[in-house]
Amino acid sequence: MALTPATPTSKPAQNLVPASTLWNDLINCFKSIQLAIVLLSLLAIGTIIGVVMPQEGMASVSDIQHQFGLNYKFLNTLGFFNVYSSFWFITLQILFFFNLLIGSFKWLKPATLAAIQKYTLSPELILHKPDVFSLPRPLDGSQSQVSTQLSKLLKTFHYQTVQDESGNLYASKGNLTRLGPCMAHLGILLCLIAGLYSCFTGFKAVKMAIPGQSFSMSETDTFKTNVPMNIWMGKVPNWKIKVNDFRMEFYKDHPETVKQYYSDLQVVDRSGKVLKTQTISVNHPMAMDDVTVYQASFAPTGKFQLKVNGKPMTVAVNNQFNQRAISLTPLSDGTTLIMFPFFAQQDPGVTHNYAVFFQRKPGEAFGGNGQMPENIKIPEGQTGHLKGLTITYEKPVMSTGLQIKRAPEVPLMYLSYLIICIGAVMCYFSQRQIWIARREVEPGKTEVIIHPKT
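Residues numbered from 1 in each chain as written. Predicted model: local features only at pLDDT ≥ 70, side-chain atom pairs only at ≥ 80, totals over all residues. Heavy atoms only, no water.

How do you make sense of the overall build of the protein when you look at a structure like this?
Within the protein, the regular secondary structure consists of nine helices and 22 strands. Against the 2.2 N^0.38 benchmark of 22 Å for 454 residues, the protein shows a C-alpha radius of gyration of 38 Å, more extended than a compact globule. Across the 454 residues that make up the protein, the buried fraction comes to 39%. When contacts within the protein are restricted to residue pairs at least 6 apart in sequence, those whose partners lie at least 24 apart make up 59%. Accessible surface for the protein amounts to roughly 26900 Å². Of this, 59% is attributable to carbon and sulfur atoms. (Helix = DSSP H or I, 4+ residues; strand = E, 2+ residues; numbered from the N terminus. Rg over C-alpha atoms; globule rule 2.2 N^0.38 Å. Buried < 20%, exposed > 50% of the residue type's maximum accessible area, 1.4 Å probe, protein only. Contact = heavy atoms within 4.5 Å. Areas by Shrake-Rupley, 256 points an atom, 1.4 Å probe, with all protein chains shown as cover.)

Explain the pattern of salt bridges here, please?
Side chains bearing opposite charge may pair, as long as their charged atoms lie close to each other. Overall, the coordinates contain seven salt bridges when judged by the stated rule. With a closest N to O distance of 2.9 Å, arginine 247 and aspartate 264 form a salt bridge. Pair noted here: arginine 247 is in strand 8 (residues 240-250) and aspartate 264 is in strand 9 (residues 258-268), with a separation of 17 residues, a long-range link. Aspartate 264 sits in the buried class, given a relative accessible area of 18%. Here lysine 259 ties to glutamate 249 by a salt bridge, and the two come within 3.7 Å at their closest N and O atoms. Here lysine 259 is found in strand 9, whereas its partner glutamate 249 is found in strand 8, with ten residues between them in sequence. (Salt bridge = Lys/Arg side-chain N within 4 Å of Asp/Glu carboxyl O.)

Would you take a moment to explain the packing of aromatic side chains for this structure?
Given two aromatic rings, one states the distance between the centres and the angle between the planes to describe the pair. For the structure shown, the criterion picks out 20 aromatic pairs. Centre to centre, the rings of phenylalanine 68 and phenylalanine 81 are 5.1 Å apart; their planes meet at 55 degrees, and the pair counts as tilted. Note that phenylalanine 68 is positioned in helix 3 (residues 61-68) and phenylalanine 81 in the loop between helix 4 (72-77) and helix 5 (87-116), a separation of 13 residues in sequence. For the pair phenylalanine 68 and phenylalanine 81, one class covers both residues: buried. Connected via pairs of aromatic rings, a cluster forms that spans Phe80, Tyr84, Trp88 and Phe89. The ring of phenylalanine 342 has arginine 324 sitting right over it, with the charged end atom 4.0 Å from the ring centre. Over the ring of tyrosine 354 we find lysine 377, and its NZ or CZ is 4.2 Å from the ring centre. (Phe/Tyr/Trp six-rings, centres within 6.5 Å; stacked < 30°, edge-to-face > 60°. Lys NZ or Arg CZ within 6 Å of the ring centre and 35° of its normal.)

Which parts of the structure should I look at to understand unusual backbone geometry?
Trans peptide bonds make up most of the peptide bonds, and negative phi angles are found at most residues other than glycine. With a phi angle near 60 degrees, aspartate 131 is a residue other than glycine that sits in the positive phi range. Relative to the helices and strands, aspartate 131 resides in the loop between helix 6 (123-126) and strand 1 (133-134). Even without glycine at this site, histidine 158 takes up a positive phi of about 70 degrees. Of note, histidine 158 is situated in the loop between helix 7 (143-156) and strand 3 (160-163). Looking at histidine 158, the relative accessible area reads 67%, which means it is exposed.

Just checking my understanding: could you explain the pairing of strand 19 (residues 382-386) for this structure?
Consecutive residues of a regular strand have side chains that alternate between opposite faces of the sheet. Examined bridge by bridge, strand 19 and strand 20 (residues 389-406) share five bridges and lie antiparallel to one another. Bridge assignment links threonine 383 to a residue of strand 20, and that residue is threonine 392. Adjacent in sequence and paired antiparallel, strand 19 and strand 20 are bridged by two residues, among which lysine 387 carries a positive phi angle near 50 degrees. (Pairing = 2+ DSSP bridges.)

Looking at this structure, I do not really get the environment of threonine 392. What am I missing?
Tracing the backbone through its elements, the reader meets threonine 392 in strand 20. Overall, the relative accessible area of 17% leaves threonine 392 in the buried class. The contacts of threonine 392, once residues within four sequence positions are left out, are Gln305, Leu306, Lys307, Gln382 and Thr383. Polar contacts involving the side chain of threonine 392 include one to the side chain of threonine 383, which spans 2.8 Å. (Polar contact = N/O pair within 3.5 Å; in protein donor to acceptor, adjacent residues only side chain to side chain.)

What should I look at first to understand the sheet that holds strand 9 in this one?
The strands making up a sheet are joined through hydrogen bonds of the backbone, oriented either antiparallel or parallel. In spatial order, the strands read 6-8-9-10; together these four strands make up an open sheet with antiparallel pairing. The two strands at the open ends of the sheet, each matched to only one other strand, are strand 6 (214-215) and strand 10 (274-281). As paired strands, strand 6 and strand 8 are joined by two bridges and run antiparallel to one another. Across the sheet, the residue bridging to phenylalanine 215 is isoleucine 241, located in strand 8.

What should I look at first to understand the state of the cysteines in this one?
Here a disulfide denotes a covalent bond joining the sulfur atom of one cysteine to the sulfur atom of another. If you walk through the whole model with that rule in mind, you get zero disulfides. Free of any disulfide, cysteine 191 has its nearest cysteine sulfur in cysteine 421, 11 Å distant. No disulfide involves cysteine 427; its nearest neighbouring cysteine sulfur is the one of cysteine 182, lying 8.9 Å away. (Disulfide = S-S within 2.5 Å.)

Would you explain the sheet that holds strand 14 (residues 319-321) in this entry?
An order of 14-15-16-17-18 is seen for the five strands of this open sheet, with the pairing classed as antiparallel. Each edge of the sheet is formed by a strand with only one pairing partner; in this case those strands are strand 14 and strand 18 (375-379). The average angle at which neighbouring strand axes cross in this sheet is 35 degrees, direction not considered. Judged from the seven bridges that link them, strand 16 (residues 336-342) and strand 17 (residues 354-360) form a sheet pairing that is antiparallel. Its bridge partner being in strand 17, isoleucine 338 is matched across the sheet by phenylalanine 358. (Axes fitted to C-alpha atoms, helices over the stretch in contact; angles between N-to-C directions.)

Encoded structure:
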């Protein structure tokens, strides 16, 4: 007995969207100009946040916490203090990259074909084109003679010409300008790649250093990678930075205002060999192996370089008098040298750094009789005399604030900007095309039909 196949008890699912349709819809969404505008707007907002908000690695975490108080934890969770390496900013960059990449293919082929494709049109096809006109009167000569004359004329205006067997002409110039948008998009894509590369390989560091001090990246006050260390793919240089000197320059008309400050730096390897020497200042950094060292700030250290009776010494702030920091330094004769420092950047009405010096004998009360003890005011860099002492106030020991960044994307960024500029310039020039067909209206008379396009 023959067996009859069982009838299926369930029907196939209806109205299922094919996977290919879903994929096409996703691609169409990614290449839409509307998505590009939204992503660009969000990236612009993120960039503004990064400019307005203090960024970790450029400001200390403690300073940021003090500034924002209870709001710090919430804003830090959103990545507002490390915007350009935050998860949401990187995600926006990746989405915009694919939006631009996929969208470029939408018009890359037509633009390329328009730039390289050369074809002629017959009189019948040209007559169906817009902006068609013919010469006011037929030209004398055969069709081949007319085509040759027109080709020579167009070449004098730097057109490239193509002629088919029927004598129809195609002329064009500025073909490569059609690739201008492609060049601009290529530059933007390269710029996004450079930014993402920097996120995973760059770092920021801050160091307050005094002259004579050497330090490595791991010894800086603040060292922060652009992304969490567990996914960071960069490297830390194995050389050190030595600060040889720090100095400030003041305006002549406003001596209380700093005009510029300089740090003399050396880059030394592990064996102590000097790899590079450079003086940096604001807007004039030092670059070494994708690492850039900027002059960012300065601050007093509380130490001062003096000469007492020709003997160099360094004194430090170690006490207070009437809520003012002072230095008490025992001298070899048993007396104590008291120094009150004054700074142009800190004390109201002070236009030059100077110090007031007192000398106190053992057991003597400072100002105990209600009168000001004998003292001397010595400006920075000058010498004075006090009770048999010759005191030279050489200078306060200042610390230089160095901001250190590894930015390997910089060469790629400059290349991308160059490509974008070239593409933008190309877009200012248009491709010019001319199709010419001719037909004989009577023996020895040729009508010329022209279709121009820019």
